[in-house]
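Each chain is listed here by its residues.
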Number of protein chains: 2
Amino acid sequence: MAQAGTVDRILDTAEVLFAQKGFAETSLRAITSKAGVNLAAVNYHFGSKEALIQAVFERFLTPFSAALGAKLDEMEATGTPDTPENVLGIVFRLALGTHPEDPQRAAIFFRLSGQAYSQPQGHLRDYLHKHYGAVFKRLQEHLQRAVPSVPPMELFWRVQFSLGAVIFTLSGMQSLQAISKADFNLDVSAADITRRLLPFLVGGIQADVPE
Amino acid sequence: MAQAGTVDRILDTAEVLFAQKGFAETSLRAITSKAGVNLAAVNYHFGSKEALIQAVFERFLTPFSAALGAKLDEMEATGTPDTPENVLGIVFRLALGTHPEDPQRAAIFFRLSGQAYSQPQGHLRDYLHKHYGAVFKRLQEHLQRAVPSVPPMELFWRVQFSLGAVIFTLSGMQSLQAISKADFNLDVSAADITRRLLPFLVGGIQADVPE
DNA sequence: CTGTGTTCAAAACATACGTTTCAAACATAC
DNA sequence: GTATGTTTGAAACGTATGTTTTGAACACAG
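What counts, and at which threshold
Within each chain, residues carry numbers counting from 1 in the order of the written sequence. Whichever chain is written first becomes A and whichever ligand is written first becomes 1, with later ones labelled in order. Side-chain atom pairs in this predicted model are given and counted only at pLDDT of 80 or more, local residue features only at pLDDT of at least 70, and totals for whole chains, interfaces and linings cover all residues. Note that the side-chain values use all heavy atoms of the structure and ignore hydrogens as well as water. Note on contacts: a residue pair qualifies if any of its non-hydrogen atoms lie within 4.5 Å across the two residues. Buried surface area refers to the total accessible area, computed with a probe of radius 1.4 Å, that the two partners give up upon joining, counted for both partners together. Between Lys or Arg on one side and Asp or Glu on the other, a salt bridge is scored when a side-chain nitrogen of the former is within 4 Å of a carboxyl oxygen of the latter. A fitted line through C-alpha atoms represents every axis, and for helices the fit uses only the stretch in contact; the resulting angles, taken between N-to-C directions, go from 0 to 180 degrees. Secondary structure follows DSSP: runs of H or I at least 4 residues long count as helices, runs of E at least 2 residues long count as strands, and numbering of each begins at the N terminus. We call two directions roughly parallel when the angle between them is under 35 degrees, roughly antiparallel when it is over 145, roughly perpendicular when it lies between 65 and 115, and oblique otherwise. Charged residues are taken to be Asp, Glu, Lys and Arg, nonpolar residues to be Ala, Val, Leu, Ile, Met, Phe, Trp, Tyr, Cys and Pro, and polar residues to be all remaining types, Gly included. We call a residue near a molecule or strand whenever a single non-hydrogen atom of that residue lies within 4 Å of it. By the criterion applied in these results, polar contacts are pairs of N or O atoms within 3.5 Å in which, for protein atoms, one can donate a hydrogen and the other can accept it, and in which residues neighboring in sequence qualify only through two side-chain atoms. A simple rule labels every residue: compare its accessible area, found with a 1.4 Å probe on the protein chains alone, to the largest value its type can have, and call it buried under 20%, exposed over 50%, or partly exposed in between. We define the bend at any residue as the angle between the axes fitted to the seven residues before and including it, ending there, and the seven starting there. Here a helix's expected span is defined as the number of its residues, less one, multiplied by 1.5 Å.

## Comments concerning the interface of chain A and chain B
Counting from both sides, the interface comprises 49 residues of chain A and, opposite them, 49 residues of chain B. When chain A packs against chain B, close to 4,500 Å² is buried across both sides, 72% of that on carbon and sulfur atoms. When the area that chain A buries against chain B is broken down by residue, the three leading residues are Phe161, Phe168 and Phe200 of chain A, summing to 18%. Connecting chain A to chain B are two salt bridges.

Encoded structure:
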């Protein structure tokens, strides 16, 4: 990030600020001044603030969903059994490991996802669903094979619940870490939390369906 | 809401708009014009927009946490066993039933909570934790008695995961309903979702803790 | 009535925002 | 070296926001 081009400096900075303070609360002036570029550069290179936001997500999600697709390919090729642990484990290791050189990057990833999902009118959510829905659906099919006794409709919602648990928790990690520290005098990392998440989600996903 | 006072008309309208579009995206002018009151009324009665937001939450959460406390009292008095189903069931029935005359109110409740939690800098989250942390802690103690084999620290995080699943899902219900309708051609209500949520959360909360 | 404190209404204020403009600087090809 | 297309810089534009001001309308006690 030291001497990257204007476009990348904008993306790097916007990514951090968006994750930190949200989309509406982050002004282009805040981004450009912190990035050391001119204010007009955003509209010149991206067209609008909205387009900047989408560009930030694209840079994040395109490699992620590609890697996820590759991992699913590998799983099918090697005949790895479709267990909830295996399927969810792939996602977590990927989310935590997309940028191993920068551990904070994972937190930014989740916070950004949370921002996108909780975005009120939800056009970003629709955008994500449209561009990355295919990989997501594939993931869900593997999960379905892992828990065949759970009806598809039920599984759909359980995946949503899981998404909520993951994104919500990771996206609010800062405050939660402070509370956890106050109540238990313990520090936790994103990796810690995901390690705790896995059994919780597996338990929820394969729970018995009432009558 | 027909001919209530200015203060209540502002609160009623702000509540709906905040839930619909978020805090930053809802202007005082939008609130006051829809409420049919003068723009200056907000600053006159509440002091600032920030104070308005807190007032909206207070009107919501004070009765809710009081009712929750009462239900927990009742549970202790009648000796109802501390099972995950019982404890979580209380919360859900309460959240869905605080205003039986207005079923949409429950959705607003969850959407507002989601907005508060995903609020970037999290001062609202801190505010909530400060004002309603006591009832929350009591709830957690009951849960702890329900699953004594889960260490407190682990349970703390599982409650956070559950919160995430609930708030995140309910707060994004609109979009999710559309997806669910497209993929399964089925309508779902908030009550439907919570019915599906309960076994998921119970399964997650009482899952085995790895080594 | 009269006076006093409260509430409302209309307008103005100050500020911050996204966006646009336009000229200068730069790079690259001819 | 000049010309051309691209990128940057500084400033301005138009708009929307939260807030403040000022005075009128009102309620009600003395």
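## Points about the packing of helix H5 (residues 84-97) of chain B against helix H7 (residues 123-146) of chain B
Residues and elements named next belong to chain B. For the pair H5 and H7, the least separation of the axes is 8 Å and the interaxial angle reads 155°. Considering their axes alone, H5 and H7 lie roughly antiparallel with respect to each other. Counted together, Pro84, Val87, Leu88 and Val91 of H5 and Leu139, His142, Leu143 and Ala146 of H7 form the full contact between these two elements. A class-by-class count of the residues in the contact of H5 with H7 yields seven nonpolar, one polar and no charged.

## A short note on the protein's contact with DNA strand C
In the vicinity of DNA strand C lie 15 residues, with Leu28, Arg29 and Lys49 of chain A together with Thr6 and His45 of chain B positioned nearest. Here DNA strand C approaches the protein such that, of its atoms within 4 Å, sugar and phosphate make up 45%. The side chain of Thr6 of chain B places a nitrogen or oxygen atom 2.3 Å from a phosphate oxygen of DNA strand C. Among the secondary structure elements, those contributing two or more residues to the surface near DNA strand C are helix H2 (28-35) and helix H3 (40-45) of chain A together with helix H3 (40-45) of chain B. Counting residues per element, the surface near DNA strand C draws most heavily on H3 of chain B, at three residues.

## Considerations on the pattern of salt bridges
Residue and element names in this part refer to chain A. If you walk through the whole model with that rule in mind, you get 16 salt bridges over all chains. Note that Glu15 is salt-bridged to Arg59, the shortest N-O span being 3.1 Å. Here Glu15 is found in helix H1 (residues 6-21), whereas its partner Arg59 is found in helix H4 (residues 49-78), with 44 residues between them in sequence. Residue Glu15 is classed as buried on the basis of its relative accessible area, which comes to 3%.

## What to know about helix H7 (residues 123-146) of chain A
Largest kink in H7 of chain A: about 70°, centred on Tyr132 of chain A. Here H7 of chain A has its buried residues at Leu124, Arg125, Tyr127, Leu128, Tyr132, Gly133, Val135, Leu139, Gln140, His142, Leu143 and Ala146 of chain A.

## Side note on H4 of chain A
Residue and element names in this part refer to chain A. Over its 30 residues, H4 runs 44 Å from end to end, which matches the ideal 44 Å to within 8%, given 1.5 Å per residue. In H4, a bend of some 25° at Glu58 exceeds every other bend along the element. Taken residue by residue, H4 has Leu52, Ile53, Val56, Phe57, Phe60, Leu61, Phe64, Ser65, Leu68, Gly69, Leu72 and Met75 as its buried positions. At its buried positions, H4 is contacted by H1, H2, H3, helix H5 (84-97), helix H6 (104-118) and H7. Downstream of H4 by a residue or two, Gly79 has a phi angle that is positive, lying close to 70°.

## Focus on the protein's contact with DNA strand D
The full set close to DNA strand D counts 15 residues, and Thr6 and His45 of chain A together with Leu28, Arg29 and Lys49 of chain B are the nearest of them. The backbone of Leu28 of chain B places a nitrogen or oxygen atom 2.8 Å from a phosphate oxygen of DNA strand D. A distance of 2.8 Å is found between a base nitrogen of DNA strand D and a side-chain nitrogen or oxygen belonging to Arg29 of chain B. When contributions to the surface near DNA strand D are tallied by element, the ones reaching two or more residues are H3 of chain A together with helix H2 (28-35) and H3 of chain B. Sort the elements by how many residues they give to the surface near DNA strand D and H3 of chain A lands first, with three residues. Among the residues making up the surface near DNA strand D, the classes are represented as five nonpolar, seven polar and three charged.

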